[in-house]
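# Architecture and fold: a report
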Amino acid sequence: MEDSPGASEAIRRSKRTRAQIFPTGAGQGTQSRGSGRDNRDEDSDRSDQSPNRHADREDSVDDFEELRPKAKRKRASEEASAAPSKIHASLIEIIKGNGKLIPQVVKNWVEQYEKDPKPAMVELLMMLFEACGAKYIIDEELLDEIDVDDVVVALVNLAKKGQVEDYQSSKKKEFKNFKDNLASFWDNLVTECQNGPLFDQILFDKCMDYVIALSCTPPRIYRQVASLMGLQLVTSLINVAKMLGAQRETTQRQLNAERKKRTDGPRVESLNKRLSTTHEKIMVIEEMMRKIFTGLFVHRYRDIDPDIRMSCIQSLGMWILSYPSLFLQDLYLKYLGWTLNDKNAGVRKSSALALQNLYEVDDNVPSLGLFTERFSNRMIELADDIDISVAVCAIGLVKQLLRHQLIHDDDLGSLYDLLIDDPPEIRRAIGELVYGHLIAQKFTSSQSHSKGDDNDSSEVHLGRMLQILREFSTDQILSTYVIDDVWEYMDAMKDWKCIVSMLLDENPLIELTDEDSTNLIRLLSASIRKAVGEKIVPATDNRKQYYNKGQREMFESNRRDVTVAMMKRYPQLLSKFMADKTKIAPLIEIIVHMNLELYSLKRQEQNFKNVLQLIKEAFFKHGEKDPLRCCMKAINFCSTESRGELQDFAQNKLKELEDELAAKLKSAIREVADDDDEYSLLVSLKRLYELQLSRSFPMESLYEEVAVFLQSFRNMDDEVVSFLLLNMYLHVVWCMHSIINTETVSEAFLNSLLSKRTTLFEHLQYYLEHPPKVQVEGKSSGHLVCRVCTILAESWCLFKKTNFASTKLESLGYCPDDSTLQKFWKVCEQQLSISDETEDEDVHKEYVEETNRDAIMIAAAKLIASDVVPKEYLCPEIISHFVMHGQSVTEIVKHLIAVLKKRDENVSSFFLEAMKRAYHRQLVGVSGSTDESLTGKSFQQCKDLAARLSGTFVGAARHKYRSDILNIVKDGIEYAFLDAPKQLSFLDVSVIHFVSRLPMPDILEILKDVKKRTENVDTEVDPSGWRPYYTFLDNLNEKYARNEVFQDEKEGMTVRRRGRPRKRPDLQGKKLFDEHSSSEEEDAISVSDKEAEDEQQEEEEAPLIHSLRSSAKLRSLKVPRGDNKGHGKATDY
């Protein structure tokens, strides 16, 4: 009798639980499905918009019926009345359609199963098959006798016959929620069956058998859908197991409490029985999870389909995180470690994210010890992954390892190199890591924080940042990259007062070395530029940055803060570092980022005047490019952006500067005329050049004096001559600018400009006719020649005739004659032939922005691209040097060819003439030479040129330019036979490459024409001379006989890939436990399918930093990049 109350209570509780399952189960199912979807694709937020949540919201708005319009209530009631008819549809139709009905449909199905299992089981299995896309009918009477393998074989045969429909990947609108609905169905089914059919060892055993079997079949759609169902089953089973685990803990506590009262009795017995039953259920569920894991996961995590592999790893990460009592052990963790080497970026990213989530939970770390030891190196290597998103995730994972002190600082050396990597996402992620680990030291032990609050002071953080910058002191560009990476996370960089205080040595406890002072000034300048919205490193996309109103207001606020912090002590900084050219330039530039109005508002006019006076002193104290340019930028800014009295003062200072510069320049000219040193003149010319780059300088009388001086002293240093010519050219440009922007131009001013132009051209003409030798006493003199050529080209472009045709300024139009143009190109060719060693010497000079070769070729190409000179002579000459002088020159010529094609120019004549001139140069070069290797090398350059030129006709261009290609071939053959057999090698050297771009009918026509040319010629007289002819003929015959058209030549075709450079695939998958590895697990992770075998492996050298300066200045920054991403095998069934 005492048992009956307990039994009845259990029954009531069971009924109450069953009654509560439907509303709560739907919610739990939604959550679990949301987790599953989040795990399958972390970027998806659809779980918050799942059908069941919509249904819950619709059910919960009854309290607000009075607010609803009646029409909506009527429409809702109509939908509710139509719902019962839909509920009676088949399971697959519900899954394909409205996911809101799934909870009710599952409830009805479970009730049907409990009444009559076989029909319900048949319906469920047929739904399972049709979800895979196959319609297969099972006889209800034979359900117990049917073998799973026989059914699966039949389903595979249906797939071979093409009788399968892919609902999962379908683009049809009605199937867009198919995957979510299918996962929702199985989740609701497990939840609904947790108090009965889940443990009958029939229903779910049968379903798991079919799911596992289908996941191992050849049809990809079967594997995809079966994997989805199997992984969702485990996820749903975990939710049930966690609920049962909570019940078990509650029962255990109740039992312990009851035993304290009495050792036995009905209550203790009932609790013991309930505890045992709950434990058995948990064991059953865990066994079901193991069955799916070993039958499905261990095969599919290495599937050929990357989506299947990715869903497996995402699911495993969620299982370990949500049910660590079973899955948080090395037996399961090793799969996450292995897939860090997967060839697919999505799989590697999923593995890294899963591990990052695991390490975020402190309680998990003790169980991850051995795993970390075996795979930590790979986690660090993954930070340099070829895929940017994977690398960013891996850096986050490394941060977790550092937080738990699971890796040593010595292991992070390669990671810190990424501070100067290309992708900004990588640099920012590493910057956050560097700040947290090295500057803020968030990941160190508690002992390091025992110093107190000083550990977080700006001085301490800046001191640690300076230690990092010491590694990059020799290169300002790299230092700027490091500052840019860390700036977002380091508040001490915005503590302007603290930085200024450190620079002025106001804190006796902080001693800065000269190197530290330089780095701190660079940091101050770069940080201020960042704070006001400037980019301190070039953007990869080169697009103009647009800011919203809030950002602009923030930048303006930062500008005010900088001004307030700097205005009083700014003169002290300038005075202290006035003599140091490396420090004064970035300090002076700071003023252009300040709000000058605050000087008046804060009554700091005297400090403003002191700053201007110091800037003027710096201008005349230094003669280097950076200080001079910064000084001019600052003075121009102050004279235009200041207001009232301060603006007048700034403009007066600028006028004083100009007058003093003119006086110093005249004095320097007189000194050189008196056989004095040229240094003073050179420095004055540099200052004048920097001034004229930004504003007009009145030098009417000075211009004539400079011209006469230059004519009288031709033997001056090349650099002095270069700056004399540059300043004369800039003055002419400013005069032209004045004329163009003036409505009425006086005849006298026009004649004055023409006179100055004539004087300038006479001096340039002199150096064209008398170019200095390339080497004078071991010192390079090529720079002067380069300056002369570039100034000439820019001047010709400035005075291009078409710019002034049919205007009042027509007399300003100018075009060089043929003789001058030929002299110009002759000098250019001499400059192109300078050795690489000499080029490397020149490129490190102060005012050299690119190599002489690049500057010369750009100047010449600009004349053609701008239609300044006739193309007939210069264009073929430029193209003939296409492949002779390195990659940078090749890119310039390639761009010119693209411009010509875009304008529909007659490129065929230019190409042929270019090949003729290159061929003629080689004939002249090897004439009389007995060195066969030299001859072969010379003609190889001609072949390379023809290959690159023919390579511009690829794809659709072969048909578009078919007539041009045919003209090149025919005219080339004509040229080769002009002086046969002397020039016949032109056929094999050049023409053959263009023949390969023609269709077969044209090749047949060419073959007949070539044969006809030798009908009455005795080729046996000179067999060696006619050998190129027969070689050419054999090639044509061979291609025609095989009915082939030549494939596109690979020379000249550079394949460009997006993203980071490809890395070396040299690491294989790692095994955690040799003794537990199955034969399949001993293979490396991730797949050897035919697609992978056909992938082209390419290795590139990527520049460390793009687009900062010319390519020549970045040679020292080019580093080979390698990857440790391993490629393994995969199985496909």
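What counts, and where the lines are drawn
- Residues numbered from 1 in each chain as written.
- Predicted model: local features only at pLDDT ≥ 70, side-chain atom pairs only at ≥ 80, totals over all residues.
- Heavy atoms only, no water.
- Helix = DSSP H or I, 4+ residues; strand = E, 2+ residues; numbered from the N terminus.
- Contact = heavy atoms within 4.5 Å.
- Areas by Shrake-Rupley, 256 points an atom, 1.4 Å probe, with all protein chains shown as cover.
- Phe/Tyr/Trp six-rings, centres within 6.5 Å; stacked < 30°, edge-to-face > 60°.
- Lys NZ or Arg CZ within 6 Å of the ring centre and 35° of its normal.
- Axes fitted to C-alpha atoms, helices over the stretch in contact; angles between N-to-C directions.
- Parallel < 35°, antiparallel > 145°, perpendicular 65-115°, else oblique.
- Nonpolar A, V, L, I, M, F, W, Y, C, P; charged D, E, K, R; others polar.
- 1 Å grid on protein atoms, 1.4 Å probe; cavity = no way out; pocket = protein on both sides within 12 Å on 5 of 7 lines; lining within 4 Å.
- Points joined across faces, edges and corners; volume = space filled by probe spheres on them.
- Salt bridge = Lys/Arg side-chain N within 4 Å of Asp/Glu carboxyl O.
- Buried < 20%, exposed > 50% of the residue type's maximum accessible area, 1.4 Å probe, protein only.
- Core = buried A, V, L, I, M, F, W, Y, C linked by side-chain atoms within 4.5 Å.
- Polar contact = N/O pair within 3.5 Å; in protein donor to acceptor, adjacent residues only side chain to side chain.
- pLDDT = per-residue confidence, 0-100.
- Patch = residues over 30% accessible without salt bridge, like charges linked within 9 Å, V, L, I, M, F, W, Y side chains within 5 Å.
- Lys, Arg positive; Asp, Glu negative; His and termini not counted.
- Charge placed at Lys NZ, Arg CZ, Asp CG, Glu CD.

A count of helical and extended segments in the protein gives 49 helices and four strands. For the protein, restricting intrachain contacts to residue pairs at least 6 apart in sequence, the fraction spanning at least 24 positions comes to 73%. Here the protein displays about 53,700 Å² of accessible surface, and carbon together with sulfur accounts for 48% of that area.

Right, let's talk about the packing of aromatic side chains for a bit. With the rule as written, the count across this model stands at 37 aromatic pairs. Here the aromatic cluster, defined as three or more aromatic residues joined through ring pairs, consists of Phe 293, Phe 297, Tyr 301, Trp 319, Phe 327, Tyr 332, Tyr 335 and Trp 338. Above the plane of the ring of Tyr 703 lies Lys 756, whose end atom (NZ or CZ) is 5.8 Å from the centre. Over the face of the ring belonging to Phe 799 we find Arg 757, whose NZ or CZ atom lies 4.8 Å from the ring centre.

We now examine the environment of Arg 470. Its place among the elements puts Arg 470 in the loop between helix 20 (458-469) and helix 21 (476-487). For the pair Arg 470 and Glu 515, spaced 45 residues apart in the sequence, the C-alpha separation amounts to 7.4 Å. The residues contacting Arg 470, other than those within four sequence positions of it, are Glu 515, Asp 516 and Asn 519.

This next bit is on the packing of helix 33 (residues 718-740) against helix 35 (residues 782-798). For the pair helix 33 and helix 35, interaxial distance at closest approach is 9 Å and the crossing angle is 10°. Considered as vectors, helix 33 and helix 35 are oriented roughly parallel to each other. Residues Asp 718, Val 721, Ser 722, Leu 725, Leu 726, Tyr 729, Val 733 and Met 736 of helix 33 pack against His 783, Leu 784, Arg 787, Val 788, Ile 791, Glu 794, Ser 795 and Leu 798 of helix 35. When its residues are assigned to classes, the contact of helix 33 with helix 35 shows ten nonpolar, three polar and three charged.

Time to look at empty space enclosed by the protein. Counting across every chain of the model gives two cavities of 30 Å³ or more. Lining the second largest cavity, in full, are Ser 880, Val 883, Met 884, Ala 918, Gln 922, Gln 941, Cys 942 and Leu 945. For the lining of the second largest cavity, the secondary-structure elements that each account for two or more residues are helix 42 (907-926) and helix 43 (932-950). With three residues, helix 43 is the single largest residue contributor to the lining of the second largest cavity. In the lining of the second largest cavity, the residues fall into five nonpolar, three polar and no charged.

Moving on: the pattern of salt bridges. When the charged atoms of two side chains lie near each other, side chains of opposite charge can form a pair. One pass over the structure, following the stated rule, counts 47 salt bridges. The salt bridge partner of Asp 303 is Arg 300, with a shortest N-O separation of 2.7 Å. Accessibility expressed as a relative area gives 0% for Asp 303, which makes it buried. According to the relative accessible area criterion, Arg 300 is buried, its value standing at 0%. Among the charged side chains, a salt-bridge network with shared partners connects Glu 829, Glu 877, Glu 913, Arg 917 and Arg 921.

Across the nine residues that make up helix 14 (residues 330-338), a large majority, eight, are buried. Of the surrounding elements, those touching the buried residues of helix 14 are helix 11 (266-300), helix 12 (306-322), helix 13 (324-327), helix 15 (345-360) and helix 16 (369-381).

Our focus in this paragraph is the nonpolar core. Within soluble globular proteins, side chains that are nonpolar tend to cluster in buried spots. In this structure, Trp 186, Phe 327 and Phe 824 are the most contacted members of the largest nonpolar core, which totals 330 residues. At 14 residues, the largest contribution of residues to this core is made by helix 10 (residues 220-261). Among all residues touching Trp 186, those that are not within four sequence positions of it are Leu 124, Met 127, Leu 128, Cys 207, Met 229, Gln 232, Leu 233 and Ser 236.

A few words on the packing of helix 39 (residues 852-865) against helix 41 (residues 887-902). Two elements in contact, helix 39 and helix 41, have axes whose closest approach is 9 Å; the angle formed by their N-to-C orientations is 5°. Classed by the angle they form, the pair helix 39 and helix 41 counts as roughly parallel. Across the interface between the two elements, Arg 853, Asp 854, Met 857, Ile 858, Ala 861, Ile 864 and Ala 865 of helix 39 pack against Ser 888, Val 889, Ile 892, Val 893, Leu 896, Val 899 and Leu 900 of helix 41. Residue composition of the contact of helix 39 with helix 41, by class: eleven nonpolar, one polar and two charged.

The next thing to look at is the side chain of Lys 583. Within the fold, Lys 583 resides in helix 26 (residues 581-589). Within the structure, Lys 583 has its side chain in polar contact with the side chain of Thr 518 (distance 3.1 Å). In contact with Lys 583, not counting residues within four places along its chain, are Asp 514, Ser 517, Thr 518, Ile 521 and Phe 577.

Locating Thr 372 in the fold gives a position in helix 16. When residues no more than four places from it in sequence are discounted, the contact partners of Thr 372 are Tyr 359, Leu 401 and Leu 406.

Let us now look at the environment of Phe 443. Here Phe 443 lies in the loop between helix 19 (424-439) and helix 20. Given the relative accessible area of 12%, Phe 443 is considered buried. On a C-alpha basis, the gap between Phe 443 and His 404 in space is 7.2 Å, while along the polypeptide they are 39 residues apart. For Phe 443, the residues in contact, after removing those within four places along its chain, are Lys 399, Leu 402, Arg 403, Gln 405, Leu 433, Gly 436 and His 437.

Take the confidence of the model for the protein next. Averaged over all residues, the pLDDT of the protein is 80; the fraction at 70 or higher stands at 79%. The model gives residues 446-452 a pLDDT under 50, and that stretch makes six contacts with residues more than four places away or in other chains.

Before going further, it helps to examine a negative patch on the surface. Judged by side-chain charge, Asp 116, Asp 139, Glu 140 and Glu 141 come together as a negatively charged surface patch. Locating Asp 116 in the fold gives a position in the loop between helix 5 (102-115) and helix 6 (117-131). Take Asp 116: its relative accessible area is 38%, and that puts it in the partly exposed class.

Its identity is not glycine, yet Gln 405 carries a phi of approximately 55°, on the positive side. Look at Ser 806: it is not a glycine, yet its phi comes out positive at around 60°. Looking at the element boundaries, Ser 806 is found in the loop between helix 36 (801-804) and helix 37 (818-832). With a relative accessible area of 75%, Ser 806 lands in the exposed category.

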